[in-house]
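Results of the structural survey
What follows is the residue order along each chain.
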Amino acid sequence: MSGEEKVVLHGMWASPYAKRVEIALKLKGIPYEYVEEDLLNGKSEALLKHNPVHQKVPVLVHNGKPVIESCIILEYIDETWKSSGHALFPQEDTYRRARVRFWADFIQRQLLEKFIVTITAVGEAREEAIKELRKNMELLEEGLRVNFFPEGIPQYHFDDQKNVRFLDITMCAFFGLHKAQSEFVRTTEIIDLQRTPLVFSWVESLKEVPVVKEVLPPHDEVVNLLRGFRQNAVGSSPQV
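Residues numbered from 1 in each chain as written. Predicted model: local features only at pLDDT ≥ 70, side-chain atom pairs only at ≥ 80, totals over all residues. Heavy atoms only, no water.

**Concerning the overall build of the protein chain**
When helices and strands are counted, the protein chain shows 10 helices and four strands. Along its sequence from the N terminus, the protein chain presents helices and strands in the succession β-α-β-α-β-β-α-α-α-α-α-α-α-α. Computed over C-alpha atoms, the radius of gyration of the protein chain comes to 18 Å, within 12% of the 18 Å expected from 2.2 N^0.38 for 240 residues, which places it in the range of a compact globule. Expressed as a percentage of the 240 residues in the protein chain, the buried residues total 48%. Sequence separation of 24 or more characterises 69% of the internal contacts of the protein chain that already satisfy a separation of 6 or more. Per element, the accessible surface of the protein chain, about 12,300 Å² overall, is 50% carbon and sulfur. The average position of the 30 basic charges and that of the 35 acidic charges among the side chains of the protein chain differ by 2 Å. (Helix = DSSP H or I, 4+ residues; strand = E, 2+ residues; numbered from the N terminus. Rg over C-alpha atoms; globule rule 2.2 N^0.38 Å. Buried < 20%, exposed > 50% of the residue type's maximum accessible area, 1.4 Å probe, protein only. Contact = heavy atoms within 4.5 Å. Areas by Shrake-Rupley, 256 points an atom, 1.4 Å probe, with all protein chains shown as cover. Lys, Arg positive; Asp, Glu negative; His and termini not counted. Charge placed at Lys NZ, Arg CZ, Asp CG, Glu CD.)

What follows is the structure in structure tokens.
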């Protein structure tokens, strides 16, 4: 990495938002320094300096200038390193670009954030979140079919990593470990082959991409982390 192009990513090993940025950097072939933040026991002075408003990861620091919020970071990466030859967003089709942004936002707000509620809530609130998560995953299934894969996902589509773009990065960063996440939604699998076959095949195909394999954290460690969050949220005897 040259002195003129210094890229530093502040992240946390299990943060899906940080993983989204890691995957994008690797796909674009951008060298970077990674700084692991201990969010539970003390954030670094650098993190607090670069993100004083939210004090969260990820933060991308490019030549000393911080960029925050994972979605904004990915747009910044795509616009700054255009010469990589790997576009994360549709370049010419502005309508398709808008649809990609909509569904990425849907995955974050209506799926990932609903899943987080299933970890932190109890009783009726938790049951309602589980129902909404299932319903929203079915909406994503239909959205994929109508907007992106009307004939299903082509075989070997993601063997070419240039086919892995913003929406794909978002989904595999947020739900690439859906089997670990499903251990905390015991009434159903989060992503089910029978109920949402297109979503299932999409995520399973993305998990085989070498960069994604490299970045996603280990299953057992994620289960242990989520179990700790669950116990902290509802006490030593969590309601299921």
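**Here's the deal with the UniProt feature "domain: GST N-terminal" (unreviewed entry) in the protein chain**
Here the UniProt feature "domain: GST N-terminal" (unreviewed entry) sits at residues 5–85. The span residues 5–85 is 37% helical and 21% strand by assignment, and the distance between its end C-alpha atoms comes to 18 Å. (UniProt positions renumbered as here; feature names shortened; annotations may be inferred.)

**Describing the packing of aromatic side chains**
Under the counting rule described, the total for this entry stands at six aromatic pairs. Each ring, one from Trp103 and one from Phe106, has its centre 5.1 Å from the other, and the planes form 65°; the classification is edge-to-face. Here Trp103 and its partner Phe106 are both found in helix α4 (residues 94–120), three residues apart, which amounts to about one turn of the helix. Here Trp103 and Phe106 have matching classes, each one buried. Taken together, the ring pairs in this structure connect Phe102, Trp103 and Phe106 into an aromatic cluster. (Phe/Tyr/Trp six-rings, centres within 6.5 Å; stacked < 30°, edge-to-face > 60°.)

**Side note on the sheet that holds strand β3 (residues 59–62)**
Strand order in this open sheet of four strands is β2-β1-β3-β4, and the pairing throughout is mixed. Either end of the sheet is taken by a strand with one partner, and the two such strands are β2 (33–36) and β4 (65–68). Within this sheet the neighbouring strands show an average axis-to-axis angle of 20°, counted without direction. When strand β1 (residues 7–11) meets β3, the two strands line up antiparallel, connected through four bridges. The partner of Leu9 across the bridge, within β3, is Leu60. Taken strand by strand, helix α1 (residues 16–28) contacts β1, β2 and β3, and its axis lies near 150° from that of β1. (Pairing = 2+ DSSP bridges. Axes fitted to C-alpha atoms, helices over the stretch in contact; angles between N-to-C directions.)

**What to know about unusual backbone geometry**
Residue Pro58 is reached from Val57 by a cis peptide bond, and omega for that bond is 0°. Inspection of the secondary structure assignment puts Pro58 in the loop between α2 (45–50) and β3. In this model, Gln55 sits at a positive phi of 55°, which is unusual for a non-glycine residue. Note on Gln55: relative accessible area 32%, which makes it partly exposed. Of note in this structure, Tyr156 is not a glycine but carries a positive phi near 65°. By the secondary structure assignment, Tyr156 is in the loop between α5 (123–147) and α6 (166–175).

**Concerning a negative patch on the surface**
On the surface, a cluster of negative charge is made up of Glu183, Glu189, Asp220 and Glu221. On the secondary structure map, Glu189 appears in the loop between α7 (178–182) and α8 (197–207). Look at Glu189 and you get partly exposed, because its relative accessible area is 39%. (Patch = residues over 30% accessible without salt bridge, like charges linked within 9 Å, V, L, I, M, F, W, Y side chains within 5 Å. Salt bridge = Lys/Arg side-chain N within 4 Å of Asp/Glu carboxyl O.)

**Some remarks on α8**
Within α8, eight of the 11 residues are buried, which leaves it mostly tucked inside the rest of the structure. Buried within α8 we find Leu198, Val199, Phe200, Trp202, Val203, Glu204, Leu206 and Lys207. Where α8 is buried, its residues touch α4, α5, α6, α7 and α9 (210–215).

**Things to note about the pattern of salt bridges**
Summed over the entire model, instances satisfying the criterion amount to 10 salt bridges. Residue Lys28 is joined to Asp78 by a salt bridge in which the shortest nitrogen-to-oxygen separation is 2.9 Å. Taken together, the positions of Lys28 in helix α1 and Asp78 in helix α3 (residues 70–80) put the pair 50 residues apart, joining distant regions of the chain. In this pair, the class of Lys28 matches that of Asp78, namely buried. Where Asp105 meets Arg109, a salt bridge forms, and the shortest distance between an N and an O atom there is 2.6 Å. One end of the pair is Asp105 and the other is Arg109, both in helix α4 and four residues apart, which spans about a single turn.

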